[in-house]
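What the coordinates show
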Amino acid sequence: MATNLLLLALIADSYAGSIVVYWGQGGNDEGTLTDTCASGLYSYVNLAFLTTFGNGQTPVLNLAGHCDPKAGTCSSLTSDIQNDRIEEFQIYLLGGGGSGSYSLSSADDAQNVAKYLWDNFLGGSSSSRPLGDAVLDGIDFDIEATNGDFFDDLAEYLAQFSSQGKKVYLTAAPQCPYPDAHLNTALQTGIFDYVWIQFYNNPPCQYSPGSIDNLTGAWSTWISSVTATKFFLGLPASPDAAGSGYIPPDVLTSQVLPAIEGTAKYGGIMMWSRYYDVVNNYSATVKSSV
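Conventions adopted
Residues numbered from 1 in each chain as written. Predicted model: local features only at pLDDT ≥ 70, side-chain atom pairs only at ≥ 80, totals over all residues. Heavy atoms only, no water. Disulfide = S-S within 2.5 Å. Buried < 20%, exposed > 50% of the residue type's maximum accessible area, 1.4 Å probe, protein only. pLDDT = per-residue confidence, 0-100. Contact = heavy atoms within 4.5 Å. Helix = DSSP H or I, 4+ residues; strand = E, 2+ residues; numbered from the N terminus. Polar contact = N/O pair within 3.5 Å; in protein donor to acceptor, adjacent residues only side chain to side chain. Axes fitted to C-alpha atoms, helices over the stretch in contact; angles between N-to-C directions. Parallel < 35°, antiparallel > 145°, perpendicular 65-115°, else oblique. Left-handed = near helix turned anticlockwise from the far one by under 90°. Nonpolar A, V, L, I, M, F, W, Y, C, P; charged D, E, K, R; others polar. Salt bridge = Lys/Arg side-chain N within 4 Å of Asp/Glu carboxyl O.

In this section: the state of the cysteines. Formally, a disulfide is one covalent bond, and it connects the sulfur atom of one cysteine to the sulfur atom of another. Per the stated rule, a full pass over the model turns up two disulfides. With cysteine numbering restricted to those in disulfides and following the sequence, the chain has the pairing 1-2, 3-4. A disulfide-free cysteine, Cys37 has its sulfur positioned 15 Å from the sulfur of Cys67, the nearest such atom. Classification of Cys37 by relative accessible area gives buried; the value is 6%.

Another aspect to go through is the confidence of the model for the chain. Summarising the model, the chain shows a mean pLDDT of 90, and 91% of its residues fall at 70 or more. Low pLDDT (under 50) marks residues 9-15, which in the prediction has 27 contacts with non-local residues, meaning those over four places away or in another chain.

What follows concerns the environment of Lys115. Mapped onto the elements, Lys115 comes out in helix α3 (residues 107-120). Residue Lys115 is classed as partly exposed on the basis of its relative accessible area, which comes to 42%. For the pair Lys115 and Phe161, spaced 46 residues apart in sequence, the C-alpha to C-alpha distance is 9.0 Å. One polar contact links Lys115 to Asp119, side chain to side chain, over a distance of 2.5 Å.

Turning to the packing of α3 against helix α4 (residues 151-160), a few remarks are in order. Where α3 meets α4, the closest approach of the two axes is 8 Å, and the angle between their N-to-C directions is 40 degrees. Of the possible angle classes, the one that applies to α3 and α4 is oblique. Crossing of α3 over α4 shows right-handed handedness. Every residue of α4 that contacts α3 at Ala107, Ala110, Gln111, Val113, Ala114 and Leu117 is listed here: Asp153, Leu154, Tyr157 and Leu158. Residue composition of the contact of α3 with α4, grouped by class: eight nonpolar, one polar and one charged.

Moving on: the pattern of salt bridges. Where charged atoms of side chains with opposite charge meet at close range, the side chains can pair. Scanning all chains against the criterion turns up three salt bridges. The shortest N-O distance in the salt bridge between Asp119 and Lys115 comes to 2.5 Å. Of this pair, Asp119 and Lys115 both sit in helix α3, four residues apart, which is roughly one turn of that helix. In this structure, Asp193 and Lys167 form a salt bridge, with 3.1 Å as the shortest nitrogen-oxygen distance. Here Asp193 is found in strand β9 (residues 192-198), whereas its partner Lys167 is found in the loop between α4 and β8 (169-172), with 26 residues between them in sequence. Classification of Lys167 by relative accessible area gives partly exposed; the value is 38%.

And the structure:
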């Protein structure tokens, strides 16, 4: 998964666990945002990615083949997001990713980025909003390509905007080795709502065929070391979605979920990504057990 700031959509649902998915990098093959939200599979949809920001750079939204922010065509998503809002979805912007040009050089830089995000994607106002009048619900931190300095300041500045009426949700997607090399300082603020931990591309803490011990051990470390409202098990939606860490659906439902879903603050699972989920039908297969 690339590092970026993420847009997240939340649906209130009655089942114990929820499914989170990343949308935006699969082009037409992953379907539209409306299709994704209308599938009935997900409680949260993360829009990926904001790949450039900080250090005085003009932020860049990259939604692959869906639209071109420079040409102003991403405002076509306005109605999709507003319709999803009617259906009680929450929408978040994902920032960072495994590649991209982003970093923060100071607390002042973090404050400037927070103000940009508020004015252009959240509850503020700007003449250059990439998604038009659509108001997102928060920011997801998927920081993998920089050292993580001043992202705690960014989180705190974003959280302060909640005092202006509408809560700004903060979410994060750390790697499963604890502590995360890029997000630890930000997570130690204790102000994140949801943390979806990437249990893939990290053999020491992910599932390996025949053993769930590394995964469950890492899960226990995370939920006992970080303060957040809920934690989610991040997984590749197909074998091709990551270099390692894929869990067959029958193993997830018969072995992994029974070992973690009774733990405090279990929230559900996170899927990378909508495209691979469409190809492999993973969420539809496991949803009733999550």
